[in-house]
Amino acid sequence: MNLGQEAPSVANLRMEFTVKSSVGINVIDEFLCGNAVDVVRQLPESIVDTVVTSPPYYQQRDYGSLQQIGQEISPAAYVERMAELFSELRRVVKPSGSLWMVIGDKYLKGELLGMPWRVCLALKEVGWVLRSDCIWHKPNAMPSSVKTRPTVDHEYIFFFSHSKKDYFYDADAVREPHVTFSESSKMKGGRRHFGKRGGTPEKGKNSGDSNLHDGRWDQAFHPKGRNKRTVWSISLSKFRDAHFAVYPESLVETCLNASCPTGGVVLDPFSGAGTTAMVAKRSGRKYIAIDCVPEYIEIAKKRVETQE
Ligand SMILES: C[S@@+](CC[C@H](N)C(=O)[O-])C[C@H]1O[C@@H](n2cnc3c(N)ncnc32)[C@H](O)[C@@H]1O
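Residues numbered from 1 in each chain as written. Predicted model: local features only at pLDDT ≥ 70, side-chain atom pairs only at ≥ 80, totals over all residues.

Caption draft 1: Quick peek at the site of the ligand. Neighbouring the ligand are 21 residues, the closest being Val246, Phe270, Gly272, Ala273 and Thr275. Tallied by class, residues from the shell around the ligand come to 14 nonpolar, six polar and one charged. (Near = placed C-beta within 6 Å. Nonpolar A, V, L, I, M, F, W, Y, C, P; charged D, E, K, R; others polar.)

Caption draft 2: Main features of the pairing of strand β3 (residues 93-103). The buried fraction of β3 is high, at eight of 11 residues. Of the strand pairs in this sheet, strand β2 (residues 48-53) and β3 are connected by five bridges, and their pairing is parallel. Within β3, the residue paired with threonine 53 across the bridge is methionine 101. On the question of chirality, the crossover connecting β2 to the parallel β3 by way of helix α3 (residues 75-92) is right-handed. (Buried ≥ 20, exposed ≤ 12 C-beta atoms within 10 Å, placed from the backbone. Helix = DSSP H or I, 4+ residues; strand = E, 2+ residues; numbered from the N terminus. Pairing = 2+ DSSP bridges. Right-handed = clockwise from strand over helix to strand, strands pointing away.)

Caption draft 3: A look at the sheet that holds strand β8 (residues 231-233). Taken together, eight strands build an open sheet; the order of strands is β1-β10-β9-β2-β3-β7-β6-β8 and the sheet is mixed. Edge positions in the open sheet fall to β1 (30-33) and β8, since each of these has one partner strand only. The sheet shows a mean angle of 20° between the axes of neighbouring strands, direction not considered. Note: β3 against strand β7 (residues 154-161), six bridges, orientation antiparallel. Of the residues in β7, the one forming a bridge with leucine 99 is phenylalanine 160. (Axes fitted to C-alpha atoms, helices over the stretch in contact; angles between N-to-C directions.)

Caption draft 4: Structural detail: the environment of alanine 220. Relative to the assigned elements, alanine 220 resides in helix α6 (residues 210-221). When the 20 C-beta atoms within 10 Å are taken as the criterion, alanine 220 is described as buried. For the pair alanine 220 and histidine 178, spaced 42 residues apart in the sequence, the C-alpha separation amounts to 5.6 Å.

Caption draft 5: Up close: the pairing of β2. Judged by how many residues are buried, β2 sits mostly within the fold: six of six residues are covered. As judged from the two bridges shared by β2 and strand β9 (residues 265-268), these two strands associate in the parallel manner. Residue pairing in the sheet places threonine 50 in a bridge with valine 266 of β9.

Below, the structure is given as structure tokens:
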């Protein structure tokens, strides 16, 4: 579905959608082509469980569209456009819903701009509630010849909830393997002390701290593994038809498993080669995928249909 190509007027877009929506057009499991903020403005409110996305980074890549985000004249102008879009996105997300944003930083003349946190703080300003800053560690990151600072091998994954109230988060769906006190562990002392929830209180300086005790039980003995940690080590993946980096399917899987109930809806306003939609479809979720470049929409549709 095309909700607008190069630089259509917002008024026209709205009118087109109103007319179409009055005859019941469906936006679920659809690719919508247009400037993300214009498209999202036309969506009904509270229809999305979670947003999972990797936006164009500041001054990183020219996608060849007049509507693209990322080529603004200053970091502040970029942040302003991002805040406008994510404010509008908050309207279409359910009150129990959430947002995962994968975003990297940028060096200009040797100086790190701090873009992830600038965007993150702007999103807090428009109402999103920051719940976690995760690090995506890339074991196969591009080497670099820099000698005056460490080589970058990470990006940020910010996790926000729609509001300050309860939000959907399935911790059990994203547990990770225990690293201490395994079945073969010789740390019998640990087993005795922490081997059951609400078990023997610790002695010593932390005595009586049941939060710490249960945390140790979770870390070492929970039958489904320990609670997900904030550093995610995932290799970069390739998709040969895309002219840009796609994000790893397993990263999207983690976000969806934690935040999107089966049958729920995930929205990606920067769909690119359609990784979010592809993972949504094969894991029993629905998707709304937006991109301003018609060619990428076609690539993504084909990818989702064939599950490459
Ligand atoms: C980093 S890529 C996303 C890659 C995607 N996560 C994947 O795995 O394929 C960013 C995408 O945002 C799109 N984009 C940039 N500005 C946009 C805008 N204003 N509205 C909609 N899409 C936009 C670009 O065309 C590009 O496909």
